[in-house]
Amino acid sequence: MTGAETNMRLKLPIICFILEIILIILFGVLVQYDDETDAREWHNKLNHGNKSHSEHNGHAESEIHSEYENDFYYRYPSFQDVHVMIFIGFGFLMTFLQRYGFSSVGFNFLIAAFSLQWATLMQGFFHGMHGGKIHIGVESMINADFCTGAVLISFGAVLGKTSPVQLLVMAIFEVTLLWLSLFQAKDAGGSMTIHTFGAYFGLTVTRVLYRPNLDKSKHKNCSVYHSDLFAMIGTIYLWMFWPSFNSAVTAHGDDQHRTAMNTYYSLAACTLATYGMSAVTAHDGKLDMVHIQNAALAGGVAAGTAGEMMLTPVGSMIVGFLAGIISVLGYKYLSPILEEKLKVQDTCGVHNLHGMPGVLGAIVGAVTAAVATTDVYGKGMEDVFPDVAKGDITASYQGVRQAISLAVTLGMALVGGLIVGFLLKLPIYGAPPDTICFEDNIYWEVNEVSLPVSEVLHIQCLA
Amino acid sequence: MTGAETNMRLKLPIICFILEIILIILFGVLVQYDDETDAREWHNKLNHGNKSHSEHNGHAESEIHSEYENDFYYRYPSFQDVHVMIFIGFGFLMTFLQRYGFSSVGFNFLIAAFSLQWATLMQGFFHGMHGGKIHIGVESMINADFCTGAVLISFGAVLGKTSPVQLLVMAIFEVTLLWLSLFQAKDAGGSMTIHTFGAYFGLTVTRVLYRPNLDKSKHKNCSVYHSDLFAMIGTIYLWMFWPSFNSAVTAHGDDQHRTAMNTYYSLAACTLATYGMSAVTAHDGKLDMVHIQNAALAGGVAAGTAGEMMLTPVGSMIVGFLAGIISVLGYKYLSPILEEKLKVQDTCGVHNLHGMPGVLGAIVGAVTAAVATTDVYGKGMEDVFPDVAKGDITASYQGVRQAISLAVTLGMALVGGLIVGFLLKLPIYGAPPDTICFEDNIYWEVNEVSLPVSEVLHIQCLA
Amino acid sequence: MTGAETNMRLKLPIICFILEIILIILFGVLVQYDDETDAREWHNKLNHGNKSHSEHNGHAESEIHSEYENDFYYRYPSFQDVHVMIFIGFGFLMTFLQRYGFSSVGFNFLIAAFSLQWATLMQGFFHGMHGGKIHIGVESMINADFCTGAVLISFGAVLGKTSPVQLLVMAIFEVTLLWLSLFQAKDAGGSMTIHTFGAYFGLTVTRVLYRPNLDKSKHKNCSVYHSDLFAMIGTIYLWMFWPSFNSAVTAHGDDQHRTAMNTYYSLAACTLATYGMSAVTAHDGKLDMVHIQNAALAGGVAAGTAGEMMLTPVGSMIVGFLAGIISVLGYKYLSPILEEKLKVQDTCGVHNLHGMPGVLGAIVGAVTAAVATTDVYGKGMEDVFPDVAKGDITASYQGVRQAISLAVTLGMALVGGLIVGFLLKLPIYGAPPDTICFEDNIYWEVNEVSLPVSEVLHIQCLA
């Protein structure tokens, strides 16, 4: 049924094995336990800490008095929530397509498992070599998962139109570029680094890979009843754990606590805005699952930069409320225009969930940073804006820095996406033909007779 | 297909936007970070703690020596488990209906997102204004989620027969009444406050909203194969995380630890009772998914009050065992009677899962409190029964107080449900007609041709 | 439709009630709160700790200075992750069969709820009576869940061919034998104790229960599209939380941290190996869901023993990579041979997921232990290999001990499985006939007309 060129018998094993062997070699040469995971180093710290019995507070964290002060206990629960978002959240969110569930969950699984290893190396290369070695622990694991999130956002833009080999190649470059483009801004939940970068990178890639005859697969580019329920599993997990995502790598204490809470209220407000907007924009007043599955999450994206700041609960709610409105409007009015006029075929609408809300979040972050005062932050300024607390820069300048960071991120995403897009256009990766997009059967063994449920029942996509 | 009156084009957006704008205004005026989420306040506490280097124990919790003592680290993992119960647990538990999955998960999502914001305000109003301000942090987030749980229980009683606008109106009043009815009793897991209140409130509402012609939708009021599997996702998450639910706001240390463990064993015993009872009450010895999905959870409900007390593991198991038996008997014999004789159309059988087991839990709590002795509790009495520890009241009186609290809760639920029920009877909310209950299509865009799987396959509910 | 002998009306209630009543009696006589869950004991520890204000470190854990040092805070998040693996992970992994989803999740639920109670008693009997009493807390809860995991692995081998009564009887004996066979080796994640034992016990049982006419049910022994998606929920949860599983009972501090990280990288490498091997072994280059659902997890199994040791990140990746390769090869080439030649009907292929990777993990553990040096472990040697640290034995001898433990585990599993298999052959448990295996309808109420979706659509298993 499918041509020889989409056969993965050699292509996929070759890239999987070569990549994993390269990873193993590089890990062997470069990667070490950090001093919280290494048996000897940790116990050295612990013994040293016991000798000097002086201060015991969160700031002097290098003095350790107890096994309980291992960072594992203060980061690992957040890590696991992030992990669930990456593998269940993103994976199942994309199962909404009627016959692309295996690929959605399965390719998500594959490229995430690769990306987290590659991201471990890249963050070490660009942001933390210690005597020629990369030191790893729970915080680097969270960052690796974060970086993977950006790749999965881009996956959403090209969903249904790419081979697993293409996706792995995309991941290699995207992870590398993402670490290159990091800039001195506060962005704990990644409104810029993860969401804006992942979205505009993916949108540029899908633009370059434009398929003029994609309407030949149009009848498969929609959901069926149970595929929408599977997608809701992804949505709800992303929604619930977003507070953990935004707070996972902020400073300990009030910072993590505040970030989680701001995100919680931003998401709640966003959800009400989403339901309202979904009903008001439908001609018959019926709710659209696409909006609920996606736009209700925009509040988490938009709180990704300012969430750790003193945004206040009401500020968070306003941000979430706006994000939900923008996102539904994007799905309803902007996406069709992007597809028709700009030839951007954005399968999951990542521009509406990650792109615009990411930019909104970056702007909110810049403004919130610019108005920061010692009166509001007290000694907590050291955690949130250390350079401002030290007096090296003013709060306004921190705001400018945030804005520059957004510009850099956007620029890198567009340029990077352009280059990688052309690279992915080479006819060597086994991409599906226009007639068999959004279809598991091309890369997966499927019980043949069971698959065409939609055909037996004459399911058609709504106009 | 559906009349103009069920069209949500204006009704739903209006209520969503008005409610969210009111919430934003009230949050702006009233709500502040508490001293564990506020940057300045937390660092003031932290610095003060460091100066006075005297005692360092769990009781003098106001003296803080380290970022690691922020309550975030001791409550947030429990909060996230509770959050999963609210959004995945309740949401998917109700997807058992064959064509009501979008509404079950989707309306659950909407009313929970609203209720948690409204509950934040109500708990502040009635239980903790600080100089005219409501202070919020992880503990208030847990309480907001708890309160939301009561609303979702009531949702279970009216499932399939209400519009989203009705549900939001119900939530406004139920959340308010719930905080009004709180009484000086120990009820950490909410056997009374959450389960008994939510169930009897919802049952009264559904009684007032009685639909004599509901049998016209009877063929949709049952499950299909995969909808039962989706529902099991909800069941299992509720079951697994119930120990976190009951222990989420108990005192730190042994209290949280013991509450979680008591609930764990209560649920395990309940599960065996449920399987045994389900088989023995079926004429052909086959297990009934309705029992497994619901009655196996009754052990968590019944351990909601006494779970934090010295109930002992064996005590917990006995309570869970009884709860499972009562719950299956309720589904099998009591629910049909309630429907036929008392005209209570209880879609999910919340009377069997939350109502009776909640009352059982309240009684077990009163008895366990009444027999508490210093010999058993030692200094731990201060955490569990502070008034008894201080000598202000006797343990017997604490037991009486618990019993009075149950009576107050029941009274408030019945009176409140009556009033709110009549309010919801007004023909302005777009409730579905009797012929189109238990049907997503009335409020959701559904791929038309895909929906009638059950009709194509001639699915009928079992008698 | 089904004969009287498979009717569960009496059999299942009798065994459920008798077992639960025995459990309640034994818990009443033997089980007590430990000193971290008992109100009086914990507060005694706490007050004592406050008096002696001397040292405060992780080693002298008996001196408690704060409620925050209760083990609940350092074990409970891991416990909940393990709990999810047991009930969602194992439960949904087995829903891949087209009409056995109720039984997969439902019997998993039943036997797990029983086993965790029984395992609490058995671990106390064999490994920790205190003055005639069994003391329980979060660590014993984790161990009870672990032991349950072994039973569920065995369930995977006999899936679809046993009655719930048989499964409960199997659980009684398997839990008991497992605690009997524990040996002085390090095996925190249970490569030997849980995976090797569970797999070879189950394989022996299914061999004894060999059904020569099982091909009469062959058309039901395969998946449909949505059943494979439900199974992926199980897979992904197992995969994500395996780091918590392996680290749940290791020593506090670096040990838990390192174990989780080693497992994370082992699983990531395993996943790439699995995808590569799945494509290369398929004649048409298409990925096989069976491999993805199962073999991608083998990296967690194989890191179960050495994960807590100084395996290094690259060591973990090599182990995971090998485990993935072995596991896919097992599914592709070994399972058909085992079935045809050795008459081992292994429904879920537990030999490939738990058996061989478990043995691999045990061998890796023995080798890693044998080469341990103080130079690498420093003072951390006390946590990982206390006998080596004390100088009682050499590292090489520890390696020998690990190898002996593997042999003992295998021996006990085979002998135990043989005996229990013959016990389960008695025709009194209501096992399904050969013609109605892999079929929910025999033990569950199913909406009759909805079930034969596969028949309506003429679904057949692939050759």
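Reading the values: rules and limits
Residues numbered from 1 in each chain as written. Chains lettered and ligands numbered in written order. Predicted model: local features only at pLDDT ≥ 70, side-chain atom pairs only at ≥ 80, totals over all residues. Heavy atoms only, no water. Helix = DSSP H or I, 4+ residues; strand = E, 2+ residues; numbered from the N terminus. Rg over C-alpha atoms; globule rule 2.2 N^0.38 Å. Buried < 20%, exposed > 50% of the residue type's maximum accessible area, 1.4 Å probe, protein only. Contact = heavy atoms within 4.5 Å. Areas by Shrake-Rupley, 256 points an atom, 1.4 Å probe, with all protein chains shown as cover. Lys, Arg positive; Asp, Glu negative; His and termini not counted. Charge placed at Lys NZ, Arg CZ, Asp CG, Glu CD. 1 Å grid on protein atoms, 1.4 Å probe; cavity = no way out; pocket = protein on both sides within 12 Å on 5 of 7 lines; lining within 4 Å. Points joined across faces, edges and corners; volume = space filled by probe spheres on them. Buried area = accessible area lost by both parts, 1.4 Å probe. Salt bridge = Lys/Arg side-chain N within 4 Å of Asp/Glu carboxyl O. Polar contact = N/O pair within 3.5 Å; in protein donor to acceptor, adjacent residues only side chain to side chain. Phe/Tyr/Trp six-rings, centres within 6.5 Å; stacked < 30°, edge-to-face > 60°. Lys NZ or Arg CZ within 6 Å of the ring centre and 35° of its normal. Least-squares fit on C-alpha atoms with pLDDT ≥ 70 in both. Nonpolar A, V, L, I, M, F, W, Y, C, P; charged D, E, K, R; others polar. UniProt positions renumbered as here; feature names shortened; annotations may be inferred. Axes fitted to C-alpha atoms, helices over the stretch in contact; angles between N-to-C directions. Parallel < 35°, antiparallel > 145°, perpendicular 65-115°, else oblique. Left-handed = near helix turned anticlockwise from the far one by under 90°. Pairing = 2+ DSSP bridges. Patch = residues over 30% accessible without salt bridge, like charges linked within 9 Å, V, L, I, M, F, W, Y side chains within 5 Å. Core = buried A, V, L, I, M, F, W, Y, C linked by side-chain atoms within 4.5 Å.

## Here's the deal with the overall build of chain A
Phase 1 of the analysis: Within chain A, the regular secondary structure consists of 18 helices and 3 strands.
Phase 2 of the analysis: A compact globule built from 463 residues should have a C-alpha radius of gyration of about 23 Å, and chain A, at 23 Å, falls within 12% of that.
Phase 3 of the analysis: Burial statistics for chain A: of 463 residues in total, 71% are counted as buried.
Phase 4 of the analysis: Of the contacts made within chain A by residues no fewer than 6 positions apart, 81% connect residues no fewer than 24 positions apart.
Phase 5 of the analysis: Accessible surface, chain A: about 13500 Å² in total, of which carbon and sulfur atoms supply 63%.
Phase 6 of the analysis: Of the side-chain charges in chain A, 24 are positive and 39 negative, and the distance between the mean point of each set is 10 Å.

## Concerning empty space enclosed by the protein
Phase 1 of the analysis: Summed over the entire model, instances satisfying the criterion amount to 12 cavities of 30 Å³ or more.
Phase 2 of the analysis: Of the volumes computed, that of the second largest cavity is approximately 270 Å³.
Phase 3 of the analysis: Lining of the second largest cavity is provided by 19 residues; of these, Pro 77 of chain A, Tyr 73 and Pro 77 of chain B together with Tyr 73 and Pro 77 of chain C occupy positions nearest its centre.
Phase 4 of the analysis: Residue assignment for the lining of the second largest cavity shows that the elements contributing at least two residues are helix H3 (72–93) of chain A, helix H3 (72–93) of chain B together with helix H3 (72–93) of chain C.

## Here we look at the interface of chain A and chain C
Phase 1 of the analysis: In this complex, chain A contributes 86 residues to the contact, which on the side of chain C involves 82 residues.
Phase 2 of the analysis: Approximately 7400 Å² of surface area, both sides summed, lies buried where chain A meets chain C, with 70% of it carried by carbon and sulfur atoms.
Phase 3 of the analysis: Broken down residue by residue, the surface that chain A buries against chain C is led by Tyr 33, Tyr 68 and Phe 109 of chain A, which jointly contribute 11%.
Phase 4 of the analysis: Between Asp 375 of chain C and Arg 40 of chain A there is a salt bridge, and its shortest N-O distance comes to 3.8 Å.
Phase 5 of the analysis: Counting every contact that joins chain A to chain C gives 30 residue pairs in polar contact (both at pLDDT 80 or more).

## Re the packing of aromatic side chains
Phase 1 of the analysis: Inspection of every chain in the model, using the stated rule, returns 81 aromatic pairs over all chains.
Phase 2 of the analysis: Look at Phe 197 of chain B and Phe 201 of chain B: their rings are 5.7 Å apart centre to centre, the planes differ by 20°, and that puts the pair in the stacked class. On the criterion of helical spacing, the pair formed by Phe 197 of chain B and Phe 201 of chain B is a turn pair, its members being 4 residues apart in helix H7 (residues 191–208).
Phase 3 of the analysis: Exposure remark for Phe 197 of chain B: the relative accessible area of 0% places this residue in the buried category.
Phase 4 of the analysis: Under the relative-accessibility criterion, Phe 201 of chain B is labelled buried at 0%.
Phase 5 of the analysis: Connected via pairs of aromatic rings, a cluster forms that spans Phe 27, Tyr 68, Phe 72, Tyr 73, Tyr 76 and Phe 79 of chain A together with Tyr 74, Tyr 264 and Tyr 265 of chain C.
Phase 6 of the analysis: Lying across the ring of Tyr 210 of chain A, Arg 207 of chain A places its NZ or CZ 5.8 Å from the centre.

## Some points on the relation of the copies chain A and chain C
Phase 1 of the analysis: Overlay of chain A on chain C (RMSD 0.0 Å): rotation 120°, translation along the axis 0.0 Å. Each copy turns onto its partner about a three-fold axis. Among all C-alpha atoms of chain A, that of Pro 77 of chain A lies closest to the rotation axis, at 3.9 Å.

## Focus on the interface of chain B and chain C
Accessible area lost when the parts come together is the quantity often used to give the size of an interface.
Phase 1 of the analysis: In this assembly, 81 residues from chain B lie in contact with 86 residues from chain C.
Phase 2 of the analysis: Carbon and sulfur atoms make up 70% of the area that chain B and chain C hide from each other, which totals about 7400 Å².
Phase 3 of the analysis: Among the residues chain B hides against chain C, the three largest losses belong to Tyr 225, His 257 and Leu 272 of chain B. Together they make up 11% of the total.
Phase 4 of the analysis: At the boundary of chain B and chain C, one finds 1 salt bridge.
Phase 5 of the analysis: Breaking the side of chain B that touches chain C down by element, the ones donating at least two residues are H3, helix H8 (225–247), helix H9 (254–281), helix H10 (289–294), helix H12 (313–342) and helix H14 (374–377) of chain B.
Phase 6 of the analysis: Of the residues belonging to the side of chain B that touches chain C, the class tally is 46 nonpolar, 23 polar and 12 charged.

## A few points about the pattern of salt bridges
Phase 1 of the analysis: Taken as a whole, this structure holds 42 salt bridges over all chains when the rule is applied.
Phase 2 of the analysis: Members of the salt-bridge network, linked through shared partners, are Asp 35, Glu 36 and Lys 45 of chain A.

## Details of the UniProt feature "domain: Ammonium transporter AmtB-like" (unreviewed entry) in chain A
Phase 1 of the analysis: In the numbering used here, UniProt assigns the feature "domain: Ammonium transporter AmtB-like" (unreviewed entry) to residues 70–427 of chain A.
Phase 2 of the analysis: With 73% helix and 2% strand, the stretch residues 70–427 of chain A has end C-alpha atoms that lie 50 Å from each other.

## Comments concerning the relation of the copies chain B and chain C
Phase 1 of the analysis: Turning chain B through 120° and shifting it by 0.0 Å along the axis lays it on chain C, with an RMSD of 0.0 Å.
Phase 2 of the analysis: Little of the interface of chain B is mirrored in chain C, where only 9% of its interface residues are also at the interface.

## What to know about the packing of helix H6 (residues 164–180) of chain C against helix H7 (residues 191–208) of chain C
All names here are of chain C.
Phase 1 of the analysis: Two numbers describe how H6 lies on H7: the axes approach to 11 Å, and their chain directions differ by 135°. The angle between the axes of H6 and H7 places the two elements in the oblique class. Relative to H7, H6 is oriented so that their crossing is right-handed. From H6, Met 170, Glu 174, Leu 177 and Leu 178 reach across to H7, where they touch Thr 193, Phe 197, Gly 198, Phe 201 and Val 205.
Phase 2 of the analysis: When the residues that make up the contact of H6 with H7 are grouped by side-chain class, the tally is 6 nonpolar, 2 polar and 1 charged.

## Notes on the environment of Ala 112 of chain A
All names here are of chain A.
Phase 1 of the analysis: Within the secondary structure layout, Ala 112 lies in helix H4 (residues 101–127).
Phase 2 of the analysis: Here the alpha-carbon distance between Ala 112 and Ala 366, two residues 254 residues apart in the chain, equals 30 Å.
Phase 3 of the analysis: If we ignore the near neighbours within four places in the chain, the residues touching Ala 112 are Ile 86, Phe 87, Thr 148 and Leu 152.

## Re the pairing of strand E3 (residues 133–136) of chain B
Residues and elements named next belong to chain B.
Phase 1 of the analysis: Judged by which residues are buried, E3 turns out to be one-sided: Ile 134 and Ile 136 face inward and are buried, whereas Lys 133 and His 135, on the alternate face, are not.
Phase 2 of the analysis: Pairing of strand E1 (residues 31–33) with E3 involves 3 bridges; the strand directions are parallel. Bridging from a neighbouring strand, Gln 32 pairs with His 135 of E3.
Phase 3 of the analysis: In the sheet, strand E2 (residues 129–130) pairs with E3 via 2 bridges, with the strands oriented antiparallel. Bridge assignment links His 130 to a residue of E3, and that residue is Lys 133.
Phase 4 of the analysis: Taken together, E2 and the strand that follows it, E3, pair antiparallel across an intervening segment of 2 residues, in which Gly 131 is found at a positive phi of about 60°.

## Things to note about unusual backbone geometry
Phase 1 of the analysis: Here Thr 312 of chain A, not a glycine, exhibits a phi torsion of approximately 70°, which is positive.
Phase 2 of the analysis: With respect to the helices and strands, the residue Thr 312 of chain A is situated in the loop between helix H11 (298–302) and helix H12 (313–342).
Phase 3 of the analysis: One non-glycine residue, Phe 438 of chain C, lies in the positive phi region at around 55°.
Phase 4 of the analysis: Residue placement: Phe 438 of chain C occurs in the loop between helix H17 (395–424) and helix H18 (453–456).
Phase 5 of the analysis: Judged by relative accessible area, Phe 438 of chain C falls into the buried class, the value being 1%.

## Considering the packing of helix H1 (residues 11–30) of chain A against helix H6 (residues 164–180) of chain A
Residues and elements named next belong to chain A.
Phase 1 of the analysis: Look at H1 against H6: their axes get within 9 Å of each other, and the N-to-C directions meet at 25°. In terms of orientation, H1 and H6 fall into the roughly parallel class. Judged by the twist between their axes, the crossing of H1 over H6 is left-handed. Where H1 approaches H6, its residues Lys 11, Leu 12, Ile 15, Cys 16 and Leu 19 are matched on the opposing element by Pro 164, Val 165, Leu 168, Val 169 and Ile 172.
Phase 2 of the analysis: Classifying every residue of the contact of H1 with H6 by side-chain character gives 9 nonpolar, no polar and 1 charged.

## Concerning the sheet that holds E2 of chain B
Residues and elements named next belong to chain B.
Phase 1 of the analysis: Taken in spatial order, the 3 strands make up an open sheet running E1-E3-E2, and their pairing is mixed. In the strand order of this sheet, the two ends are held by E1 and E2, each with one partner.
Phase 2 of the analysis: Packing of helix H1 (residues 11–30) onto the sheet brings it into contact with E1, E2 and E3, and relative to E1 it is tilted by some 55°.

## Quick notes on the side chain of Thr 196 of chain B
Phase 1 of the analysis: When you line up the elements, Thr 196 of chain B lands in helix H7.
Phase 2 of the analysis: The residues contacting Thr 196 of chain B, other than those within four sequence positions of it, are Ser 191, His 354, Gly 355, Gly 358, Val 359, Leu 406, Thr 409 and Leu 410 of chain B.

## Section: a nonpolar patch on the surface
Phase 1 of the analysis: On the surface, Leu 10, Ile 14, Ile 18 and Ile 22 of chain A cluster together into a nonpolar patch covering about 370 Å² of accessible area.
Phase 2 of the analysis: With respect to the helices and strands, Ile 22 of chain A occurs in helix H1.

## Describing the sheet that holds strand E2 (residues 129–130) of chain A
All names here are of chain A.
Phase 1 of the analysis: Across the sheet, 3 strands lie side by side as E1-E3-E2; this open sheet has mixed pairing. Each edge of the open sheet carries a strand with a single partner, namely strand E1 (31–33) and E2.
Phase 2 of the analysis: Against the sheet, H4 makes contact with E1, E2 and strand E3 (133–136), and its axis sits at roughly 120° relative to E3, the strand it touches most.

## With respect to the nonpolar core
One recurring pattern in soluble globular proteins: nonpolar side chains tend to sit buried together.
Phase 1 of the analysis: Among the nonpolar cores identified, the biggest contains 476 residues, and Tyr 237 of chain A, Tyr 237 of chain B together with Tyr 237 of chain C are the most heavily contacted of them.
Phase 2 of the analysis: In this view, Tyr 237 of chain B contacts Tyr 237 of chain A, Val 84, Met 85 and Ile 88 of chain B together with Val 84, Ile 88 and Tyr 237 of chain C; residues no more than four positions away in its chain are not counted.

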